[in-house]
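Remarks on the overall topology
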Amino acid sequence: MPKNSKVTQREHSSEHVTESVADLLAHEEPVDYKRSVLNVTGEAWDKQKDGEEELEAENRPAWNSKLQYILAQIGYSVGLGNVWRFPYLCQKNGGGAYLVPYLVLLVIIGLPLFFLELAVGQRIRRGSIGVWNYICPRLGGIGYASCLVCFFVGLYYNVIIGWSIFYFFKSFQYPLPWSECPIVKNGSMAVVETECERSSATTYFWYREALDISNSISESGGLNWKMTLCLLVAWSLVGLAMIKGIQSSGKLDKMLDPQVWREAATQVFFALGLGFGGVIAFSSYNKQDNNCHFDATLVSFINFFTSVLATLVVFAVLGFKANIMNEKCVVENAEKILGYLNTNVLSHDLIPPHVNFSHLTAKDYNEMYRVIMTVKEGHFKELGLDACLLEDELDKSVQGTGLAFIAFTEAMTHFPASPFWSVMFFLMLINLGLGSMIGTMSGITTPIIDTFKVRKEVFTVGCCIFAFLVGLIFVQRSGNYFVTMFDDYSATLPLTVVVILENIAVAWIYGTKKFMQELTEMLGFRPYQFYYYTWKYVSPICMAVLMTASIIQLGVSPPGYSAWIREEAAEKFLFYPTWAMAILISLIILASLPLPLVFILRQFHLVSDGSNTLSVTYKKGRMMKDISNLEDNDETRFILSKVPSETPSPMPTHRSYLGPGSNNSPMEMSSAPNGRYGSGYLTAGTPESEL
């Protein structure tokens, strides 16, 4: 759309322009989403009150620049999952073959729904609660469910940031504290810590020094004071960021496995932040003629290529680690063989003549290993020799905390200047986590402030304090098991339901054709028909299949977790006890509860959705004309019109509606003498800063 068009003409303003992502969120004043084109509350119009509300609406903050907004969306979508979750899924599900289902689902589900959330947020300029109340009041529970999902995810996500903070400060020493096993005194002798010797130095440091983990979720073990302090620091950083602001922040048969597609779809949801409300919150601060289609495409594929790049780096590091560990395995087992040769347990005739123990290669060891295994077949297990195959090291699937705090930390101990690389790595994790947390918190604060008009600073501080207190469950000695529970079950299924209902609300209740027309007038061009069909048919069907598969898997595979058993110095899969299952199910129900609750309350008029009585008013400049005395038929005709193209949208728009008797289209503009838009349906507040 041309910059000099009537739609984009603005009067110059000297109002303050926010300068950062969190400044934008911090300076926001609450806006009443119910005061728009249509006054359907049945309340009498108060001129003074309306003037105050109008001024308040016009003061809604805006992005300082388009680049700042794009960086904010990228910072929100690119998070810790790109570094550890995506590489793990690639390794688990066939390597490069996994990219095919992921890219397909990104195009047919991720991109269309990301575009949809950007569009509704930018069009209506409210948080998730206000957006879905506008589109379909009976489905207003979508916004509340999004807030709950954001809260659950933020609870454990900030714990991971706390872990990164702990490792960050521990990295300022040489050698790194996880590079060697600790030495303990056993009487007059100094021996290596047994738990560390039976596992590894990095594994021991993670489970014992950092988490001091208990043997099961049933053993609380009390609070871990080190991680409690780190969690406090993490929530303090998030709270300050929200209030004060920071600167912008080949196995092809695997493709036939439904599990691969289900995991790929889930990763698409989490990668783009669909259903959390953060995308809607960020886009609500844009001008209405912003090209959100370009934004959706750009952010989606930047996220994808970032995941691919992170995967290449992760695989390179894991390959380096695998080589180091394989060499270590060869050396340790070669020493065992030398011991057996010196004690005549093995004959020297079993050793090939070209083998040199002082320069033993992996190939020579494998040849020697096969000979010994063949000759000593009956007693081979008693020798305790390992195969030391590089493929075995590479096939060890490591995800999440294991990848970041075990595999990466072990690899970094072999880097030159290892403390420097460790500091940089965990600083990167902290920044990635904070960027996503700001978006997650805005998915809570923006809709609550928009709807209930609470003070930004007070609500943010209160929310962070409450979240910290609840989050203490994650910093007890069994806290890591609760992190696993929340990560696996608190958001996945409720998030899928939320996104399905978002899609249905726009495509089937509000109407895909109507929404496409809204976008055409908002963007200045008609979106591709591809979006029409994906919104109306493809995405809902795909997500329904995904939700069904998730429910079936939950019923077929009893939920469990990997527990670290101190005495065995190894992980063991355990099923959740009954009380933990009750918590797990409660999380899913609680996150989904607003959906049926709000529907029932509004369906049976137990609470008002603002449409019980109808008093329609419209603006012309600063004048208001009350047409509440129209007959029912005239009133309906005025609102809906006989011609579908003239039907005014319940979404706020900056195009004028001149009434049914006008010869002009409802979407044509007439400029007002005061520089504001002319008569008709005005946006509740258009940002004054230019993007």
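Please read all numbers here as calculations on a predicted model, not as lab measurements. (Residues numbered from 1 in each chain as written. Predicted model: local features only at pLDDT ≥ 70, side-chain atom pairs only at ≥ 80, totals over all residues. Heavy atoms only, no water.)

Bringing the pattern of salt bridges into the picture now. It is possible for side chains bearing opposite charge to pair when their charged atoms get close. Per the counting criterion, the structure on display carries seven salt bridges. We note a salt bridge from Glu195 to Arg566, for which the minimum N-O separation is 3.5 Å. Look at the salt bridges and you will find they share partners, linking Glu195, Arg208, Asp212, Arg477 and Arg566 into a network. (Salt bridge = Lys/Arg side-chain N within 4 Å of Asp/Glu carboxyl O.)

All right, on to the nonpolar core then. One finds Trp132, Ile135 and Trp535 to be the most contacted residues of the largest nonpolar core, which totals 153 residues. A per-element tally of this core places helix α8 (residues 141–170) first, with 18 residues. Judged by nonpolar contacts, the second largest core, of 19 residues, contains Ile351, Tyr365, Phe380 and Leu385. (Core = buried A, V, L, I, M, F, W, Y, C linked by side-chain atoms within 4.5 Å. Buried < 20%, exposed > 50% of the residue type's maximum accessible area, 1.4 Å probe, protein only. Helix = DSSP H or I, 4+ residues; strand = E, 2+ residues; numbered from the N terminus.)

The positions UniProt marks with the feature "binding site: Na(+)" (unreviewed entry) are Gly75, Val78, Asn82, Asn303, Leu432 and Ser436. Locating Val78 in the fold gives a position in the loop between α3 (66–77) and α4 (80–83). Setting aside chain neighbours within four positions, we find Val78 in contact with Asn303, Thr306, Leu432 and Ser436. One can find Ser436 in helix α19 (residues 418–452). Among residues more than four places away in sequence, those in contact with Ser436 are Gly75, Tyr76, Val78, Gly79 and Tyr157. (UniProt positions renumbered as here; feature names shortened; annotations may be inferred. Contact = heavy atoms within 4.5 Å.)

Turning to the state of the cysteines, a few remarks are in order. Under the defined criterion, the tally for this structure stands at one disulfide. For Cys181, the disulfide goes to Cys196, at an S-S distance of 1.9 Å. Judged by the sign of its S-S torsion, about -85 degrees, the bond between Cys181 and Cys196 is left-handed. Taken together, the positions of Cys181 in the loop between α8 and β1 (183–186) and Cys196 in helix α9 (residues 194–198) put the pair 15 residues apart, joining distant regions of the chain. A relative accessible area of 23% means that Cys181 is categorised as partly exposed. Classification of Cys196 as buried rests on a relative accessible area of 1%. Cysteine Cys463 shares no disulfide, and the gap to the nearest cysteine sulfur, in Cys464, comes to 5.8 Å. (Disulfide = S-S within 2.5 Å.)

Of the pairings in the sheet, the one linking β1 to strand β2 (residues 189–192) comprises four bridges and is antiparallel in character. Along β2, the bridge assignment pairs Ile183 with Val192. Between β1 and β2, which pair antiparallel one after the other, the connecting turn spans two residues, and Gly187 there sits at a positive phi close to 75 degrees. (Pairing = 2+ DSSP bridges.)

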